[in-house]
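# Coordinates in review
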Amino acid sequence: MSPDINSSVLDQALSDLVDSESAAGASLLIYQSGEEIYFNAVGASDREADRPWQRDTLVSLYSMTKPVTAVTLMTLYEEGLFDLDAPLSYYLPEYSDVKVFAGLDADGASILEVPRNPIKVIDIFRHTACFGYGWESTPVATMMVEANVLDPSKPLSQFSEELADVPLYCHPGEQWKYGVSADVQARLAEVVTARPYEELIHERVLDPLNMSETRYFVPANEKARVAAGYARNEANELTRQPDQAVYGLWPAKPVQINGGHGLIGTADDYMRFAQMLQNEGTLDGVQILKPETLALMSRDHLPDDLTAKDFLPFKGQIGYGLGMAVRVDPPKDETEPFGVTGEFFWDGAASTLFWVDPENDLTVVFLTQVMPFDGAAHAKIRKAVYQSLGMLTD
């Protein structure tokens, strides 16, 4: 531990999460200036099996897969295999005839419009393609659920064809709409290379960074290392999710290797990825991306006149780069999660989180497995990290 960090502040924050039933277990890993300055794991990775959360616990990363996918794609961008400003349909023809949902007519039938703008490749990086997920009580969300495009038995080729038949939530480029864009990135990678996406993500990112614990499937002999999933019920109590609801515990490998979710890994592995980002694309002498490419990814790419941003404002003064959120201003008040301008980050549905703070040469990986997503826990961890370093007072 670094003598310049007050580890007791962090220990208490983690313990509070478990004691308050905000998490069954969790871990926090912090690096500064390329050196580990803190690690702790608390609680259980599986309460029912009485297994403690350990440093090598395998965690289903959910949307923390997305930044890894974006980096994989940008290695292909550096080779000139696609143009960010090109229409997506140039590479994936199924998107040449997409329609935008514009409401329901008197008979309850969908009213569809021709998009005012084509979907550009950059739109699938910055979530302005208007694909969405099936989370909401809206007609398009219902259509997403009925299409079941993320069925793990469907290859990415089928996913993409079926997605193109679902109306868009909005006109491309006009709203930030969180959704399956990173899965479309994965399909784009397959098409421009004529290779399976799983091979590409390993070849381009995971293997060069020695992220040997990160994968899309955990064999039976390692399942005991996978953290169980927990969900909060109406009484605010944690209940263990069925194994089939936690993809790290699936008994068979999925056919659909997703860009937006699906990776399973450890805190140390993800820290190697975060350290590469902090080091402008290089780690241990291995260059994944050029510094100028990383700079391109980690700046805000949302148009100035874009005001509809889904849930993004709840994360603070945030824009969005190419595969990651970017903090464009400090918090306006104490109700916002703390962060430093220039920081870039993302999180996952089971309340996982990482961030890179270039100003303070700081990288943080926080892992847990709790649904629904717990933004309050992230705010507490963020505050504790900067308090422990003397950068933030009570």
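Please refer to the structure placed before this passage.
Everything numeric in this text was worked out from a predicted model, so none of it was measured. (Residues numbered from 1 in each chain as written. Predicted model: local features only at pLDDT ≥ 70, side-chain atom pairs only at ≥ 80, totals over all residues. Heavy atoms only, no water.)

## Points about the overall build of the protein chain
Scanning the protein chain from terminus to terminus reveals 10 helices and 17 strands. Relative to the compact-globule value of 21 Å for 394 residues, the protein chain shows a C-alpha radius of gyration of 20 Å, a close match. In terms of overall dimensions, the protein chain has C-alpha extents of about 60 × 45 × 45 Å along its principal axes. Burial analysis of the protein chain (394 residues in total) assigns 55% to the buried set. For the protein chain, the share of sequence-separated contacts (at least 6 apart) that also reach a separation of at least 24 residues comes to 67%. Of the roughly 15900 Å² of accessible surface on the protein chain, a fraction of 49% belongs to carbon and sulfur atoms. Treating the 29 positive side-chain charges of the protein chain as one cloud and the 59 negative ones as another, the clouds have centres 1 Å apart. (Helix = DSSP H or I, 4+ residues; strand = E, 2+ residues; numbered from the N terminus. Rg over C-alpha atoms; globule rule 2.2 N^0.38 Å. Buried < 20%, exposed > 50% of the residue type's maximum accessible area, 1.4 Å probe, protein only. Contact = heavy atoms within 4.5 Å. Areas by Shrake-Rupley, 256 points an atom, 1.4 Å probe, with all protein chains shown as cover. Lys, Arg positive; Asp, Glu negative; His and termini not counted. Charge placed at Lys NZ, Arg CZ, Asp CG, Glu CD.)

## A look at the state of the cysteines
Here the structure, examined in full by the defined rule, presents 1 disulfide. Paired through a disulfide, Cys130 and Cys170 show a sulfur-sulfur distance of 1.9 Å. One quick way to see it: the torsion about the S-S bond of Cys130 and Cys170 is about -95°, and its sign makes the bridge left-handed. Here the residue Cys130 occupies a position in the loop between α3 (121-126) and α4 (139-147), and Cys170 occupies one in the loop between α5 (156-164) and α6 (181-193), the gap between them amounting to 40 residues. Across the pair, Cys170 and Cys130 agree in class, each one buried. (Disulfide = S-S within 2.5 Å.)

## What about the side chain of Asp269?
Topologically, Asp269 is positioned in helix α8 (residues 267-278). For the buried Asp269, no salt bridge exists, and the shortest N-O distance to an oppositely charged side chain is 6.1 Å, to Arg272. Among the polar contacts listed, one links the side chain of Asp269 to the backbone nitrogen of Glu213, at a separation of 2.8 Å. Looking at Asp269, its side chain comes within polar contact range of the side chain of Thr214, at 2.7 Å. If near-sequence neighbours (up to four positions away) are discounted, Asp269 is found in contact with Asn210, Met211, Ser212, Glu213 and Thr214. (Salt bridge = Lys/Arg side-chain N within 4 Å of Asp/Glu carboxyl O. Polar contact = N/O pair within 3.5 Å; in protein donor to acceptor, adjacent residues only side chain to side chain.)

## Focus on helix α10 (residues 375-388)
Because each turn of an α-helix spans 3.6 residues, side chains separated by three or four positions end up pointing in the same direction. Over its 14 residues, α10 extends 20 Å from the first C-alpha to the last, a length consistent with the 20 Å expected when each residue adds 1.5 Å. Regarding α10, the residues found buried are Ala377, His378, Ile381, Arg382, Ala384, Val385, Tyr386, Gln387 and Ser388. Structurally, α10 contributes buried residues whose contacts are with α1 (7-19), β1 (25-32), β13 (325-327), β14 (344-347), β15 (353-357) and β16 (362-368). One or two residues past the end of α10 sits Gly390, with phi positive at roughly 75°. (Expected span 1.5 Å × (residues − 1).)

## Brief notes about the packing of aromatic side chains
Under the counting rule described, the total for this entry stands at 23 aromatic pairs. For the ring pair Trp176 and Tyr320, a centre distance of 5.5 Å and an interplane angle of 55° mean the geometry is tilted. Here Trp176 is found in the loop between α5 and α6, whereas its partner Tyr320 is found in strand β12 (residues 318-320), with 144 residues between them in sequence. Looking at Tyr320, the relative accessible area reads 0%, which means it is buried. Centroid distance Tyr320 to Trp346: 5.5 Å. Interplanar angle 90°. Geometry classified as edge-to-face. In this pair, Tyr320 is assigned in strand β12 and Trp346 in strand β14, connecting sequence segments 26 residues apart. No difference in accessibility class separates Tyr320 from Trp346, as the two residues are buried. Ring pairing ties together the aromatic residues Tyr133, Trp135, Trp176, Tyr178, Phe311, Tyr320, Phe345 and Trp346, which thus form one cluster. Here the basic side chain of Lys315 rests over the ring of Trp346, its NZ or CZ set 5.1 Å away from the ring centre. (Phe/Tyr/Trp six-rings, centres within 6.5 Å; stacked < 30°, edge-to-face > 60°. Lys NZ or Arg CZ within 6 Å of the ring centre and 35° of its normal.)

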